[in-house]
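Read off the chains here:
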Amino acid sequence: MNQLFRRPALRAICLLAVALAGLLAACGTASETKTSSTTPSTLRIGMQASAIKTLNPFLAGYSGDVAAYNFQYPMLTQFDSNNTLQPGLAKSWSTSPDGKTWTFNLVNGAKWTDGQPITAEDAAFTINTVVRLKDGVAANISIYAPGIVKAWAPDPLTLKVELEAPQSAFLSNTNGLPVLPMHVWEPLAKGDGNKIKTFTGDPKDGPVVVSGPFVVEKWDPNGTTIFTRVDSYYGPKPKISRWGWQVFTNSDAAVQALTSGQIDIVAGVPATAVDPIKSSANLTVEGFGLGELGIFMKYRDSNHPELQNPQVREALNLAIDRSGIVSSAFRGFATAGGTLFPPAWSPQYLSSPLPVPAFDVAKANQILDGLGYKRGSDGVRVANGRKMTYQAAGLSSRRDTYGRAADSVKQTLSQIGVQFQFDWVDDPYTAYMGSNYDYKSDYEAYFGGVLLTPDPDASLLMFTTDQLGVYNLWNYSNTQLDKLYSEQSANYDQTSRRTQLDEATGILQTDQVELGLVWQQTVVGWDSRWKNVSDLAGINGWPNILSQDGFANISY
Amino acid sequence: MSKRQRYVLRRAGAAAVIAFVAITFSFVLFRALPGDAVSNIAQSPRMTLEIKEVLRRNFGLDQPLTTQYVLYLGQLAHGNMGRSFQDSRPVTEVVLRAAANTIPMAALGTLIGMVVGTLIGVTAAYRQGSSLDRAITGTSMVLYALPVQWLGLLMIALFAGVLPTSGMSDPYLIDPSFMATFQDRLEHMLLPSTCMALLLFGSFALVVRSSQLEALADDHVLTARAKGYRNRRVVWREAFRSAMLPLVSLSTLTLGFLIAGGILTETVFGWPGVGRLTVQAVSARDYPLLQGIFLVITLSVVFFNFLGDILHAVLDPRVTQ
Amino acid sequence: MSLLHALARRPTMSVGISILIAFTLMAVFASGLEPYSPVAPSGPLFGAPSSAHWLGTDDAGVDMLSLIIAGSQNSMLVGFAAAIIAVLLGGALGIISGYKGGWSETGVVAVTDFFLVIPALPLMIVLAALFGQSIYQIVLIIGLLSWMSVTYVVRALVHTLRERGFVARARSLGAGDRYIIRHHILPHVAPLLVAQTVLTVAAAVFLEAALAFVGLGDPSRISWGTLIQTAFDRTAVSAGAWWAIVPPGVCIALVVLGCFLTGQAVEEAMNPRLGHAHVSHRSFSLRTPTKDDER
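Fair warning: this is a prediction, and the values are worked out from it, not measured in the lab.

Turning our attention to the overall build of chain B. The secondary structure content of chain B amounts to twelve helices and zero strands. For chain B, the N- to C-terminal ordering of α and β elements is α-α-α-α-α-α-α-α-α-α-α-α. Taking all 321 residues of chain B together, 57% fall into the buried category. Sequence-distant contacts in chain B: of pairs separated by 6 or more residues, those separated by 24 or more amount to 77%. Surface exposure of chain B reaches about 12900 Å², of which carbon and sulfur atoms provide 64%.

Moving on to the pattern of salt bridges. All names here are of chain A. Applying the stated criterion to the full structure yields 21 salt bridges over all chains. Across the pair Asp-378 and Lys-387 runs a salt bridge whose closest N-O atoms are separated by 2.7 Å. For Lys-387, a relative accessible area of 41% puts it in the partly exposed group.

This part covers the pairing of strand 1 (residues 42-47) of chain A. Most of strand 1 of chain A is tucked away, with six of its six residues classed as buried. Burial along strand 1 of chain A is two-sided: the face carrying A:Thr42, A:Arg44 and A:Gly46 and the face carrying A:Leu43, A:Ile45 and A:Met47 are both buried.

Residue and element names in this part refer to chain C. Over its 37 residues, helix 4 (residues 64-100) extends 52 Å from the first C-alpha to the last, a length consistent with the 54 Å expected when each residue adds 1.5 Å. Where helix 4 bends most, the angle comes to about 25 degrees, and this point is Gly-71. Trailing helix 4 by a residue or two, Gly-101 shows a phi angle of about 70 degrees, which is positive.

Quick look at unusual backbone geometry now. Residue and element names in this part refer to chain A. Note that the residue after Ser-346, namely Pro-347, is joined by a cis bond; omega there is -5 degrees. By the element assignment, Pro-347 lies in the loop between strand 13 (334-336) and helix 10 (361-370). Omega for the peptide link from Trp-542 to Pro-543 comes to -5 degrees, which places this bond in the cis form. The residue Pro-543 is located in the segment after strand 19 (515-527) in this model. We note that Asn-384 has phi near 50 degrees; this positive angle belongs to a residue other than glycine. As for its position among the elements, Asn-384 is in the loop between strand 14 (382-383) and strand 15 (386-387). Although it is not a glycine, Asn-532 adopts a positive phi angle of roughly 60 degrees. Position of Asn-532 among the secondary structure elements: in the segment after strand 19.

Turning our eyes to something else, we now look at the environment of C:Ala269. On the secondary structure map, C:Ala269 appears in helix 12 (residues 246-270). You can call C:Ala269 buried: its relative accessible area is 9%.

What follows covers the sheet that holds strand 5 (residues 101-106) of chain A. Picture the strands of a sheet paired through backbone hydrogen bonds; they go either parallel or antiparallel. Residue and element names in this part refer to chain A. Pairing is antiparallel in the open sheet, where four strands are placed in the order 4-5-7-6. In this open sheet, the two edge strands, each paired with only one partner strand, are strand 4 (90-95) and strand 6 (148-155). Strand-to-strand twist across the sheet, computed as the mean angle between neighbouring axes with direction ignored, equals 20 degrees. Relative to strand 5, strand 4 is paired through five bridges, and the arrangement is antiparallel.

Bringing the packing of helix 4 of chain C against helix 8 (residues 148-163) of chain C into the picture now. Residue and element names in this part refer to chain C. Remark: helix 4 packs on helix 8, axes separated minimally by 7 Å, with the N-to-C direction vectors making an angle of 35 degrees. Here helix 4 and helix 8 pass one another in a crossing that is right-handed. Residue-level inspection shows Val-87, Gly-90, Gly-91, Leu-93, Gly-94, Ile-95, Ser-97, Gly-98, Tyr-99 and Lys-100 of helix 4 in contact with helix 8, the latter providing Val-150, Thr-151, Val-154, Arg-155, Val-158, His-159 and Arg-162. Here the residues of the contact of helix 4 with helix 8 sort into seven nonpolar, seven polar and three charged.

Attention now moves to the nonpolar core. One recurring pattern in soluble globular proteins is that nonpolar side chains are buried together. Residues C:Ile142 and C:Trp224 are the most contacted members of the largest nonpolar core, which totals 122 residues. The leading source of residues in this core is helix 10 (residues 177-213) of chain C, at twelve residues. Those residues in contact with C:Trp224 that sit more than four places away from it in its chain are C:Phe23, C:Ile68, C:Gly71, C:Ser72, C:Ser75, C:Met76, C:Pro248, C:Cys251, C:Ile252 and C:Val255. Residues A:Phe104, A:Trp112, A:Ala151 and A:Val208 belong to the second largest nonpolar core, which totals 51 residues.

A separate point is the confidence of the model for chain A. Residues and elements named next belong to chain A. When pLDDT is averaged along chain A, the result is 88, and 93% of the positions lie at 70 or above. Here residues 1-7 is a poorly scored stretch, pLDDT under 50, and it has eight contacts once near neighbours within four places are set aside; other chains count. Segment residues 24-38 is flagged for pLDDT under 50; beyond a separation of four residues in sequence, or across chains, it makes 20 contacts in the model.

Here we come to the environment of A:Leu481. Residues and elements named next belong to chain A. Take Leu-481: it is sitting in helix 14 (residues 479-489). The class for Leu-481 is buried, based on a relative accessible area of 0%. Residues Leu-481 and Phe-463, 18 residues apart in the sequence, show an inter-C-alpha distance of 7.9 Å. Those residues in contact with Leu-481 that lie beyond four places of it in its chain are Leu-460, Phe-463, Tyr-476, Ala-504, Ile-507 and Leu-508.

Reading the values: rules and limits
Residues numbered from 1 in each chain as written. Chains lettered and ligands numbered in written order. Predicted model: local features only at pLDDT ≥ 70, side-chain atom pairs only at ≥ 80, totals over all residues. Heavy atoms only, no water. Helix = DSSP H or I, 4+ residues; strand = E, 2+ residues; numbered from the N terminus. Buried < 20%, exposed > 50% of the residue type's maximum accessible area, 1.4 Å probe, protein only. Contact = heavy atoms within 4.5 Å. Areas by Shrake-Rupley, 256 points an atom, 1.4 Å probe, with all protein chains shown as cover. Salt bridge = Lys/Arg side-chain N within 4 Å of Asp/Glu carboxyl O. Expected span 1.5 Å × (residues − 1). Bend = angle between axes of the 7 residues up to and from the residue. Pairing = 2+ DSSP bridges. Axes fitted to C-alpha atoms, helices over the stretch in contact; angles between N-to-C directions. Left-handed = near helix turned anticlockwise from the far one by under 90°. Nonpolar A, V, L, I, M, F, W, Y, C, P; charged D, E, K, R; others polar. Core = buried A, V, L, I, M, F, W, Y, C linked by side-chain atoms within 4.5 Å. pLDDT = per-residue confidence, 0-100.

This is the structure we're talking about:
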């Protein structure tokens, strides 16, 4: 046996093994000491979301990118954690009698980080540049500046914006538009503005001129971006001095980072991560926001004319076990419903929340029996010669979170003789709409979610005829609805606007256009020693990128 | 020109041809993907058809294929691989940065796996038939049979509190010293590199063992023993030298694929390298980025293969005949 | 006949083939063997192994054992189908290039070299995105990218066969190419093809799991690969649910081992002179790239 250890090869291997073990042991102790040396004024956030890929507001594509400029640049107004409109750079605002001109009064004494004052000229310049270049370099960001003709600054603290038509949801629609420093961006925006693309916003390329509560200190487009507090910010100064947006591609990794103390907050993890977090004594876990999740079924489909019958759609709605989905797929971190009009919009925009369909398989079967749709030998009903078999397209990267919900839908619908199949593809939108965006495809349904905005205008817009082939996900067209949409979108009177919205959503209910599932919450887990974490919540979950001051009171 | 020089030139020519075909192949492949990047980017309720058309034009997706191909070749000649759809950053920069992340981790794992695997393989061949040999062969086969991602998951489960299980470094270190950075990086690298090493170890051990066995059966080894040389010299100097030849091809091939980074390993451990970038690029339909990754990996393999051919020629003069 | 005898005597062969037969039976009789439904929940969420659920339940409460059995169907199906495609294609190319020589050989070698150079798993990922992810497409994609090492190995063997006397004799007697291939080449190549098929099954099962892991498996079917992926995506590790992670990997490892032992046994039996070594050292070093590719 001892002959064995004379072999040099084996000796080498044993040495290597010992060395590795030693290294492991050393590392084990080292990592513990490291975490306690991080100061409590740095908030380490772990997101299961995309990394911040660009710091240039014009190139922002993902929510991380929008978050990055949201916390760095001034916004005129913001929507807080209760979805209430709050002042931002603009401390007050008013509209002209004809509704086409908005006037904003800016905060006095606000400064950029290079000491220059923030004036209405900066805001006017930004708006005008975006409008001017909306077919070019500002294509992405121009969705936050719809219907604007021009902007100007009669004096340094007053901004006027002229619209094509009155826009009741103007402040909600423009929430993603920052105010950029003119003295930095004007040279880039000259001519066709292509020089704008060269702006990196990377502090490594030189100090970036901003004026939000935070500025980017260190940027890694594949990993973590660190923000540091801006002392010259005109709004409430955050208590923390730094925070980091660290990206995790996998929820296990994110949860382990939280439980081992490498991060302070984890957000966006699936509901299955809740139990491991809950079982840890010093961690809190809560759900925030209303992420809409539903099945968008074509209203007019040449292969399935039965889908245009509200009774059929009602039957489908009755055969979805929403509360079952809430408990099994989302572990309770969701609310049954899932339409594009969440209960948060009552009573401000809608008189009362839209009713959530019951789970009543018997009644659904009754309806379909009443229509004469008999079941075939395979149990699938036949509607006027067509089998009630439907294909739904869902986003493949969401399969882990939505898959369970899809399974439930499939199962309960089979009980009423409807066969639902789910395909998880990389581009469900094009798969569903067809490559010519004319609704001619193999799919009758699109399974997914739409980001809700603070104002129902954007939701209602999706059902209009104008949006066919773009964001009308149902191939639905109703002239009365179109009329109501235009009316409410130009109506500044909240009471009468509410009546119009009630009537519009009433039409959608009668026609049973929507098959909503749930409003899912963003699951957030954090070290309980951090306070006021819920301040950063918003209608879309956590963190709220519709407001800038969510960080203000978060502290250790 | 000597026979050897001619051989080198021939192999260089073959490599160049393969590289060109690969370049064209990747262009054709990626332009055929259905759907496009535009519909993926931040689905916002207010995006109109016009905006989508503008975006499509900005990224050059509306021009005929032949024009796109010519542009593509010209840009490549300048080392420009276009701009990523996701964030408009130059693809060359994105891929090179990812490669810079992949290489240390993959190199560490690959080299350890290769070296340890080779040592073990030689040992097993030398002790053919013994219980040690059986143990080694058995372990190697088991390791060879384990799915990478599963092995990675088990390692995460085992080392969750002890070592960082994701990412490349701790981003919150404030002004770290060189030692602190080194330690931090090494801690993060340990698990994924070990995962790769374990993978390779199995296959290398088996390959080395079998080619060593063949070499040991050769005549010149018999001669060396008859001459009375010590076992160790016979094993390493005589047998291993000829066993090394196929090992060289395998090694260079392995090194060539090093940049591919181990898609599975990087996904499991959240390592921000080329492997993980590939998966992200596919789900974002980021053509230019995918093309760039493909090209870099393919060209790296072609290059290392070429190196392997040269090494082979150097080590085994019979090849050039 | 002597080959079969040689095989029967090898313990590696019997172990290997038993494993394969066991899993094939599991796959064939899956619906009869499953104790619970592999689709509907039947227990607690992430329930630990118990007498009711031997392997516990997954994050939706579905019985793990039933999932494993159901998964065996698709994993084995992909494995065998893709391997057959790969070996048929590779074998044909290998025989043609090895026998004919000349331009066809140069052409085949060039194409084979090219495909060996392309990074396989990235290409498969892209193709799955291009053609779709149904099981048939996955089988095609894997099969059409796994034939290269088979070609080389078969070509090498056909080379040696061509040099042997009986081919020249058959030719001189006026036998045509097709006759020679069918009656003289194929019988010798067949065992090699069998060995290669079995070895390629291992690679194909692996690759299916790899594709499933990055989310490109057939989402309407359960396979061992999708089980590992689900465990990864649904925080099984943090929840401590090792039973959701370990079984599918063990199954894949066992099948691969079984294939490996069987294939190795067949190749060894074909060439007893080398003892535990293989037909040709090149066969090993060229086969391994297929495996490394999917890393």
